[in-house]
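# Fold and geometry: a report
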Amino acid sequence: MIRKRPIDRSINRQQRPSTTFWSQCINLRSLKQIHASLITKGFNSNASALREIIFKAAIEISGTLNYGHQLFDRISQPDTFMWNTIIRGSAQSQTPLKAILRYAQMERRGIEPDSFTFPFVLKACTKLCWRKMGFGIQGKALKMGFIGNSFLRNTLIYFHANCGDLSIASELFDDTAKRDVVPWSALTSGYAKRGELDVARRYFDEMPVKDLVSWNVMITGYSKRGEMESARKLFNEVAQKDVVTWNAMIAGYVLCGECEKALEMFDEMKNAGDKPDEVTMLSLLNACADLGDLQVGIKIHWSLSQMVTSGFNVLLGNALIDMYAKCSSIGRALEVFREMREKDVSTWNSVIGGLALHGHAEESINLFTQMRRSKVRPNEITFVGVLVACSHAGKVNEGHQYFQLMRDGYNIEPNIRHYGCMVDMLGRAGLLDEAFNFIDSMEIEPNAIIWRTLLGACRIHGNVELGRRANERLLKMRKDQSGDYVLLSNIYASKGEWDGVQKVRKMMDETGVRKEPGCSLIGTEEKALMHFLFDSKSKIKFKTKAVNLLP
């Protein structure tokens, strides 16, 4: 047990470890060595030395927090500084819950917190989004008379702006707080994250000094809302950009479907000498997938290989597979899949769906079997891929079996996409009556794409009667799509029923719908249906650097 002497003056200046002594403490190994040296030289009971080693382990040296907790547990009577240090280090770490547990331990031992304790605990509450405890900490700080402390007030504003009550954050934002950039940034960020961009912009415009965090928050807010002109205008005003600034713009363009602009923005980023990170590359892979630009996608893959030498994480691996699959390079998608050490359900889904879409139905179904053997639980997207494979391979019986397996084996209720797959499967197989009856028996309301799929199947198989009935149902939902009329007209024309063709043209004239010049439906139906079934682009997460409230 390490014991702290009550009077630090018992160790004179000459006996204390020197600055050089502590400067050698740069990693876990040297930390352990210095700890051993403290024990042998008798400093392990010196409060000053104990404070220094706890500070090194909890805050200053990366990856030594757990060792810091072990050291702390061996101190019989840690002082308030030591408690604050271990709580602070935990709050800043990836395990903020440890800060809460240490604070609870501190309370149980009857150690009175000071004005620094509460801000560190509040930071942990903010990370965990523990509103109730955060409010409790605020009450205790108020009771102990610390609420006037500027450090605590700023942390409270940050807590309420992120996960507490914005009105309280605004009340705390008094004239004293307005002198500091931190509360300005916190309120701007808080309102922007909750969708109140107009209020956020008001705070942003009134800020006496704008930090980069605030610029990034506003640019991200506009990008998320699809207001790329406003985002670009602010972007152009930022004097010193960082990778977050660029990422916000690139991701915004991708989400708005302006993928060419996203790639142009990446070129600007390189020309400015700024280096991309994994978030940048994830957005660019999404852009390549949407554009079907394989060559640029390959270049992005190569750049990623230079950045990440220890193998791609699941998110990047999935994005690569999705990009290659959508660029019709299923071989490369499979290579990435096989090289991935860790896979999640989305990894399997991307390959199963990609194989199904590109005519490798048997391989897709076999991979699904392999997925089940690997004890990875399929989800609703998995079954979309499997049902598409069955549809393309004409495996009607197997399709019915997988549809039932989804419901009975995995308790997944079919959604509109699964029903769409089944209708497509039956339609391709020429089982039009069964497809029609299946739609009528659906437990959810069929949408226009379901009826359009059946109408397309009727055109392929030349079934005028069912085509007419499907078209009637379709026109009850919408009357402004020229392709709906053209499909029925083509069915009549294929059977030489020119009166029917004339009736369709008359309906188009009456509703004011015109066929687009040069419009062809060959391949269009397939593309539209597959987009509907597989519209599950990897979600791009916007990231902004956290406001640093703690010293």
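Note that the structure is a prediction, hence the values are computed from the model and not measured. (Residues numbered from 1 in each chain as written. Predicted model: local features only at pLDDT ≥ 70, side-chain atom pairs only at ≥ 80, totals over all residues. Heavy atoms only, no water.)

Moving on: unusual backbone geometry. Non-glycine residue C129 carries a positive phi angle of around 55 degrees. Mapped onto the secondary structure, C129 falls in the loop between α7 (117–128) and α8 (131–143). Positive phi outside glycine occurs at S328, with the angle close to 65 degrees. (Helix = DSSP H or I, 4+ residues; strand = E, 2+ residues; numbered from the N terminus.)

Our next topic: helix α20 (residues 330–339). The complete set of buried residues in α20 reads I330, A333, L334, V336 and F337. Angular distribution of buried residues about the axis of α20 spans 160 degrees; they occupy a single face of the element. When the buried face of α20 is taken as reference, the exposed residues oriented beyond 90 degrees from it are R338 and E339. Next to the buried residues of α20 lie α18 (294–307), α19 (314–326), α21 (345–357) and α22 (361–373). (Buried < 20%, exposed > 50% of the residue type's maximum accessible area, 1.4 Å probe, protein only. Arc of directions from axis to C-beta. Contact = heavy atoms within 4.5 Å.)

This part covers the packing of helix α16 (residues 259–271) against helix α17 (residues 278–291). Interaxial distance between α16 and α17 falls to 9 Å at its minimum, and their mutual angle equals 140 degrees. As for the relative orientation of α16 and α17, their crossing is left-handed in sense. Of the residues in α17, those touching α16 at C259, E260, A262, L263, F266 and M269 are T280, L284, A287, D290 and L291. Grouping the constituent residues of the contact of α16 with α17 by class yields eight nonpolar, one polar and two charged. (Axes fitted to C-alpha atoms, helices over the stretch in contact; angles between N-to-C directions. Left-handed = near helix turned anticlockwise from the far one by under 90°. Nonpolar A, V, L, I, M, F, W, Y, C, P; charged D, E, K, R; others polar.)

Overall, the predicted model of the protein chain reaches an average pLDDT of 83, with 81% of residues at or above 70. Within the model, pLDDT remains below 50 along residues 517–525, and this stretch shows seven contacts once partners closer than five positions in the same chain are excluded. (pLDDT = per-residue confidence, 0-100.)

On to the environment of R468. With respect to the helices, strands and loops of the structure, R468 is situated in helix α28 (residues 464–477). On the basis of relative accessible area, R468 is assigned to the partly exposed category, the value being 27%. Between the alpha carbons of R468 and L455 there is a distance of 8.1 Å; along the sequence they are 13 residues apart.

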